[in-house]
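Below are the chains, spelled out letter by letter.
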Amino acid sequence: MDYKTYISKKLDIPSVDKDELTSLIVTPPDKDMGDYALPCFKLAKVLRKSPAMIADELKAGFKTDDVIVSCESVNGYLNFRVNRNALADETLNAVLSQNDMYGSSDMGSGKTICIDYSSINVAKPFHIGHLSTTVIGGSLYKIFKFLGYNAIGINHLGDYGTQFGKLIYAYKAWGNKEAVEKGGINELTALYVRYHKESEKDPSLDDEARRYFKLIEQGDKECNELFNWFKSLTIKEIEKIYEELDITFDSYAGESFYNDKMQPVIDELEEKGLLKTSDGAKIVDLSEYDMPPCLILRSDGASLYATRDLAAACYRKEHYDFDKCLYVVAYQQNLHFRQIFKVLQLMGKEWAKDLVHVSYGMVSLLDENGNQVAMSTRNGTVVLLDDVLKKAHEKCLEIIEEKNPNLEDKENVARIVGTGAVIFGALSNSKIKDIAFSYDKILNFEGETGPYVQYTAARIKSVLRKGGEVGDYSGYELNDDEYQLIAALSTFPDTVKSAAEKLEPFYITRYAIEVSSLYNKFYFDHKIIGAEEKAKNFRLALSKATLITLTNALSLLGIKVPERM
Ligand code: ARG
């Protein structure tokens, strides 16, 4: 039920646009003022009357009904009360009957949305800098699926470039099978670092590396076997983290997948007169659009990151026929995406308008003293995501040992809560903001954190275990706390839709916090089990509906709810 629209339709002010009127209606925090209110101050200008007079006149003309049960004029405000029982019935029925589908929709049915996220680089460590793209993209993927879209998760692997020639050289010179099998990405990184040291002394190594890279491209059997091995090692290692974060992909088609798909794009650029030669390189001039040129081929004929992205976009359109294609990539690549979207538009691809760069800020980690932990691949001081998760699990276990030492299955709970804290922490702000997180902040059970929401959900599970069957509550009159909670539950489907529309998983984290704090206020101020029969039944049903809604919200973020906490 959209009360604001409903009320504005019933108000008789012909000179004011209905949508504008709807937008003026507010939900006052103080429920003594009613459930909804129309402040008449802005209208005073247009109608040239005092706010109080406007409110009085509107009240006189307003007919209450089954939905809006009262309308009062107080000091220039028009205050409304809704039929709380009807809202409660409607909402509880919807939540309890739809259960894990509550909040879902079929609005996306028949529409395809490609989401390019995480998009890791082969043979490179998976560090905290990859957290945002992974969890923002992973959450958008779940949100769109929940809304009925055909979502395609794509991990556009960084698996192309001379660094793989270097790696092959290094492996052949100093590596061995056992060490790589055992050490995984770490060992590959070590080989890569060694290559750089040695090539400083002997620059001829670079020719060798280029030769190996050429061999990969030309389909040389041995080089490709090594390359594919490095790739599968990387994916296998990182899939463990994906599993922990509840992240999945439908495609791992990375940059090298487009090796044979770039030439047609280059030909098309040529045909359409878009390619220019500059210092031997092929470029698309974008000066007219206030951008530096988009480099398509280097003077030695090598393709670039942008070339592969152009080919990838065309391939995705052809292969998936998407309605939208999202790229969840840090804001450092803003220019890159503006360039390739523009080039595609200049090529006459009308679907270029459906490409969206979902840009986000940086994540950094603060140490115990609140100082930023420095990160540098060169100095080997990257903060590995795996270590962050492990540390979160450990810290969480410490908290549990302290608060609830007799908890069953402690390790598993610590794992679910620690991981949840990291995901929730990364999704707690509008995505474009830089975030600095500390373990203390994300693991605070009383803060606006994942553990706080999980704790609330676990608390409800315990209430429900004790409460037993939900009996009849017909005719029960809701108090303000119950009404606020039910009103919040009723907006979950709209919240999911707004999160999709604005591409902001943060709408879901914010919502989960709001519902949790409303539930906790209700829980601390009102008895559930010891209340009289109808109140008890209603409160149990309300608790159950809250649990379902919180569980659904968390699952859109990839976070699980423990049985006990
Ligand atoms: N691998 C790239 C990086 O780490 C991100 C790729 C993003 N996706 C894309 N289609 N360009 O910077």
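A brief look at the structure comes next.

Rules and cut-offs
Position labels on residues start from 1 in each chain and follow its written sequence. Local features in a predicted model are, by the rule used here, given only for residues with pLDDT of at least 70; side-chain atom pairs are given and counted only at 80 or more, and totals for whole chains, interfaces and linings are based on all residues. Excluded from the side-chain calculation are hydrogens and water; included are all heavy atoms of the structure. Runs of H or I in DSSP of at least four residues are treated as helices and runs of E of at least two as strands, each being numbered from the N terminus. Partly exposed describes any residue whose relative accessible area lies between the buried limit of under 20% and the exposed limit of over 50%, with all areas from a 1.4 Å probe on protein chains only and scaled to the type maximum. Here, residues are in contact when the closest pair of their heavy atoms is within 4.5 Å. Reported accessibility uses the Shrake-Rupley method at a 1.4 Å probe radius. Residues are deemed covered only where the shown protein chains occlude them. In this tally, Asp and Glu contribute negative charge and Lys and Arg positive charge; neither His nor the terminal groups of the chain are included. A single reference atom marks each charge: NZ on Lys, CZ on Arg, CG on Asp, CD on Glu. Note on pairing: two strands pair once DSSP finds at least 2 bridges between them. Only the stretch in contact is used when fitting a helix axis, every axis being a line fitted to C-alpha atoms; angles between N-to-C directions are given from 0 to 180 degrees. Like charges are joined within 9 Å and nonpolar side chains (Val, Leu, Ile, Met, Phe, Trp, Tyr) within 5 Å, but only among residues with over 30% relative accessible area and no salt bridge; these make up the patches. The rule for a salt bridge is simple: a side-chain nitrogen of Lys or Arg has to be within 4 Å of a carboxyl oxygen of Asp or Glu. Each angle gets one of four labels, with under 35 degrees taken as roughly parallel, over 145 as roughly antiparallel, 65 to 115 as roughly perpendicular, and the rest as oblique. Classification used: nonpolar for Ala, Val, Leu, Ile, Met, Phe, Trp, Tyr, Cys and Pro, charged for Asp, Glu, Lys and Arg, polar for all others including Gly. Working definition: residue near molecule or strand if any one of its non-hydrogen atoms lies within 4 Å of it. Cavity and pocket criteria rest on a 1 Å grid covering protein atoms alone: a 1.4 Å probe that fits but cannot get out defines a cavity, protein on both sides within 12 Å along at least 5 of 7 lines defines an open pocket, and an atom within 4 Å of a point defines a lining residue. Should more than half of a molecule's atoms lie within 2 Å of a pocket's or cavity's grid points, that molecule is taken to sit in it. Each helix should span, by expectation, one fewer than its residue count multiplied by 1.5 Å. Crossing handedness follows the turn of the near helix against the far one: under a right angle anticlockwise gives a left-handed crossing, and clockwise gives a right-handed one. Definition used in this section: a nonpolar core is a set of buried Ala, Val, Leu, Ile, Met, Phe, Trp, Tyr and Cys residues joined via side-chain atoms within 4.5 Å. Grid points are joined across faces, edges and corners, and a volume is the space filled by probe spheres set on the points.

### Regarding the overall build of the chain
Piece 1. Scanning the chain from N- to C-terminus turns up 22 helices and twelve strands.
Piece 2. Across its three principal directions, the C-alpha atoms of the chain cover 90 × 65 × 45 Å.
Piece 3. For the chain, buried positions account for 52% of its 565 residues.
Piece 4. The contacts of the chain with a sequence gap of at least 6 include a subset with a gap of at least 24, amounting to 73%.
Piece 5. As presented, the chain carries roughly 26600 Å² of accessible surface, and 48% of it is formed by carbon and sulfur atoms.
Piece 6. In the chain, 69 positive and 84 negative side-chain charges are present, and the distance between their average locations comes to 1 Å.

### Things to note about the sheet that holds strand β9 (residues 324-330)
Piece 1. Taken in spatial order, the four strands line up as β5-β4-β9-β10 in an open sheet, and their pairing is parallel. The sheet is open, and its two borders are formed by β5 (150-154) and β10 (355-360), each paired with just one other strand. The sheet shows a mean angle of 20° between the axes of neighbouring strands, direction not considered.
Piece 2. As paired elements, strand β4 (residues 112-116) and β5 share five bridges and run parallel to each other. Bridging from a neighbouring strand, Ile-115 pairs with Gly-153 of β5.

### Focus on a nonpolar patch on the surface
Piece 1. A surface patch of nonpolar side chains, about 260 Å² in accessible area, is lined by Tyr-331, Met-362 and Ile-432.
Piece 2. Among the secondary structure elements, Tyr-331 is positioned in the loop between β9 and α14 (334-346).

### Things to note about the pairing of strand β3 (residues 77-82)
Piece 1. Of the strand pairs in this sheet, strand β1 (residues 36-39) and β3 are connected by four bridges, and their pairing is antiparallel. Directly across from Pro-39, in β3, lies its bridge partner Tyr-77.
Piece 2. Here six bridges tie strand β2 (residues 68-74) to β3, and the two strands are oriented antiparallel to one another. If you follow Ser-73 over to β3, its bridge partner there is Leu-78.

### Re the packing of helix α12 (residues 262-271) against helix α13 (residues 305-320)
Piece 1. At a minimum axis separation of 9 Å, α12 and α13 run at an interaxial angle of 95°. The angle between α12 and α13 falls in the class roughly perpendicular. The segment α12 lies against α13, with Met-262, Val-265, Ile-266 and Leu-269 engaging Thr-307, Arg-308, Leu-310, Ala-311 and Cys-314.
Piece 2. Taken together, the residues of the contact of α12 with α13 break down into seven nonpolar, one polar and one charged.

### Some remarks on the site of the ligand
Piece 1. Around the ligand lies a shell formed by Asp-116, Ser-119, Asn-121, His-156, Tyr-305, Asp-309, Tyr-327, Val-329, Gln-333 and Phe-337.
Piece 2. Across the complex, the protein chains shield 85% of the 350 Å² of accessible surface that the ligand would expose by itself.
Piece 3. More than half of the atoms belonging to the ligand lie within 2 Å of the grid points that define the second largest pocket.
Piece 4. Put simply, the parts of the chain that give the shell around the ligand at least two residues each are α13 and β9.
Piece 5. A breakdown of the residues in the shell around the ligand according to their chemical character gives four nonpolar, four polar and two charged.

### Side note on helix α7 (residues 162-174)
Piece 1. For α7, built from 13 residues, the straight-helix expectation of 18 Å at 1.5 Å per residue is met to within 8% by its first-to-last C-alpha distance of 18 Å.
Piece 2. For α7, the set of buried residues is Phe-164, Gly-165, Lys-166, Leu-167, Ile-168, Tyr-169, Ala-170 and Tyr-171.
Piece 3. Considering only its buried residues, α7 is in contact with α8 (177-183), α9 (185-201), α10 (204-217) and α11 (221-244).

### With respect to the packing of helix α5 (residues 84-98) against helix α19 (residues 480-490)
Piece 1. It is at 10 Å that the axes of α5 and α19 come closest, and there the two elements cross at 45°. For the element pair α5 / α19, the angle class is oblique. Seen from above, α5 lies across α19 with left-handed handedness. Taken together, the residues of α19 that come into contact with α5 (itself represented by Arg-84, Leu-87, Ala-88, Thr-91 and Leu-92) are Asp-480, Tyr-483, Ile-486, Ala-487, Leu-489 and Ser-490.
Piece 2. Tallied by class, residues from the contact of α5 with α19 come to seven nonpolar, two polar and two charged.

### What to know about the nonpolar core
Piece 1. Membership of the largest hydrophobic core comes to 156 residues, with the highest contact counts inside it found for Leu-11, Leu-38, Phe-80, Ile-115, Leu-140, Phe-144 and Phe-437.
Piece 2. The biggest single contributor to this core is helix α22 (residues 533-555), with eleven residues.
Piece 3. For Phe-437, the residues in contact, after removing those within four places along its chain, are Ile-128, Leu-131, Val-363, Ser-364, Leu-365, Leu-366, Val-388, Val-422 and Ile-442.
Piece 4. One finds Cys-114, Ile-154, Leu-344 and Leu-355 within the second-largest nonpolar core, a separate group that totals 36 residues.

### A word on the layout of surface pockets
Piece 1. Empty space within the largest pocket amounts to approximately 950 Å³.
Piece 2. What lines the largest pocket is a set of 30 residues, among which Tyr-36, Ala-487, Ser-490, Thr-491 and Asp-494 lie closest to the centre.
Piece 3. Contributions of two or more residues to the lining of the largest pocket are made by α1 (3-10), α5, α19, α20 (492-502) and α21 (506-525).
Piece 4. Taken together, the residues of the lining of the largest pocket sort by class into 15 nonpolar, seven polar and eight charged.
Piece 5. Computed from the structure, the second largest pocket encloses a volume of approximately 790 Å³.
Piece 6. For the second largest pocket, the lining is made up of 36 residues, of which His-127, Gly-129, His-130, Ala-330 and Tyr-360 are closest to its centre.

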